[in-house]
Amino acid sequence: MAEETGILLESGTNELELLEFVVGRQHYGINVAKISELCPYVEPTLVPNAHEFIEGIFMPRERIITVINLAKALDVQKGDDTSKDMYIITNFNKIHTAFHVQQVLGIHRVSWSDVVKPDSTISRQGKGIATGITKIDGKIIIVLDFEKIVTEINPETGLKLSEIEAMGERSRNEHTILLAEDSPLLLEMLKKCLGKAGYSHLIPTTNGQEAWEKLDRMMSEGAIIGKDISLVITDIEMPQMDGHHLTKKIKSDPRFDGLPVVIFSSLVNDEMKRKGEALGVDAQLSKPEIGRLVHQLDMLLS
């Protein structure tokens, strides 16, 4: 489906195409870039002793895909009528997963600047399942953290500290790295993994806008590239300002000449790689490959 929509042919526009769908009575959204296709609901084959969120498996075109019951994952009630039910089949972190929803309503193009990050009353650190909230045609749309749902079912899909520990004892690295990551859980894991790898001088920010304001403030206070700030690691999908727009602002500003930008995201597919390359990004890696990220940092900062 993502290929058919012609999603955002321009790079760094700070926009996304959001698929609106319904679970229970609430309207939710998912970035179209995460979707490989939509399928009508068919009753899945049950899998014994599976996680409570797993509804079963089904096989479109000979590929076995796990079905996640999104109503259960969100702890909401749904009716018995399945006539409008659909599967949203996603492809991120190199995994295909089907999410069972009650109805798909359509696609909206929105700006990330109109997507608000949930505050702590809605999204407790490490517990929240919403990455953003926006309003479309008078309806509140909750943008869900699908990676967190998958990681909760199978922690092996998340960042693995074991990959860093397997590298053995590493010396401390004095370079300062700015992180832009909207997931509190992933931001903490990223800090822990990079710290274990010797990169202990980290500046955490929770979206591209916050990252840009921090960088802009540092430069206005006389920061030197390579000394006070050496590299930026950014996610792609973030409220307020996404990673592509952040990269565009950095790479088009002569103050940041020589500052490498690394994209570390679940959305690093062929199309997104082309967008990143067009913006001048220095490296692009897919979550959860934290070991490869550290090797890339070693090369860029050697």
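Residues numbered from 1 in each chain as written. Predicted model: local features only at pLDDT ≥ 70, side-chain atom pairs only at ≥ 80, totals over all residues. Heavy atoms only, no water.

1. A few points about the environment of N207
No. 1: On the secondary structure map, N207 appears in the loop between β12 (199–205) and α6 (208–220).
No. 2: In this structure the C-alpha to C-alpha distance between N207 and M86, which are 121 residues apart in sequence, comes to 31 Å.
No. 3: Ignoring sequence-local partners within four residues, the contact set of N207 consists of A180, M238, P239, Q240 and M241.
No. 4: Within the structure, N207 has its side chain in polar contact with the backbone nitrogen of Q209 (distance 3.0 Å). (Helix = DSSP H or I, 4+ residues; strand = E, 2+ residues; numbered from the N terminus. Contact = heavy atoms within 4.5 Å. Polar contact = N/O pair within 3.5 Å; in protein donor to acceptor, adjacent residues only side chain to side chain.)

2. As for the packing of helix α7 (residues 243–251) against helix α8 (residues 270–279)
No. 1: α8 packs onto α7 with a crossing angle of 20° between their chain directions and a minimal axis gap of 9 Å. By the angle between their directions, the pair α7 and α8 is classed as roughly parallel. In this structure, α7 crosses over α8, and the sense of that crossing is right-handed. When α7 is examined against α8, the residues H244, T247, K248 and K251 are found in contact with a partner set consisting of M272, K275, G276 and L279.
No. 2: Across the contact of α7 with α8, the residue classes break down as two nonpolar, three polar and three charged. (Axes fitted to C-alpha atoms, helices over the stretch in contact; angles between N-to-C directions. Parallel < 35°, antiparallel > 145°, perpendicular 65-115°, else oblique. Left-handed = near helix turned anticlockwise from the far one by under 90°. Nonpolar A, V, L, I, M, F, W, Y, C, P; charged D, E, K, R; others polar.)

3. Regarding the pairing of strand β2 (residues 26–31)
No. 1: Counted residue by residue, β2 has five buried out of six residues, so it is predominantly covered.
No. 2: With six bridges joining them, strand β1 (residues 15–23) and β2 adopt antiparallel strand pairing. Residue L19 lies in a different strand from β2, and its bridge partner there is I30.
No. 3: Taking the residues between adjacent antiparallel strands as the criterion, β1 and β2 are bridged by two residues, where G24 takes a positive phi near 65°.
No. 4: Bridge analysis of β2 against strand β10 (residues 139–144) gives two bridges, and the strand direction is parallel. Note that in β10 the partner of G29 across the bridge is V143. (Buried < 20%, exposed > 50% of the residue type's maximum accessible area, 1.4 Å probe, protein only. Pairing = 2+ DSSP bridges.)

4. A few points about the pairing of strand β13 (residues 231–234)
No. 1: On β13, burial covers both faces: L231 and I233 on one face and V232 and T234 on the other are all buried.
No. 2: As paired elements, strand β11 (residues 173–180) and β13 share four bridges and run parallel to each other. Paired with A180 across the bridge in β13 is T234.
No. 3: Inspection of the sheet shows β13 paired to strand β14 (residues 261–265) by three bridges, in the parallel sense. Bridge pairing links T234 to I263 in β14.
No. 4: A crossover links β13 with its parallel partner β14, the connecting element being α7, and its sense is right-handed. (Right-handed = clockwise from strand over helix to strand, strands pointing away.)

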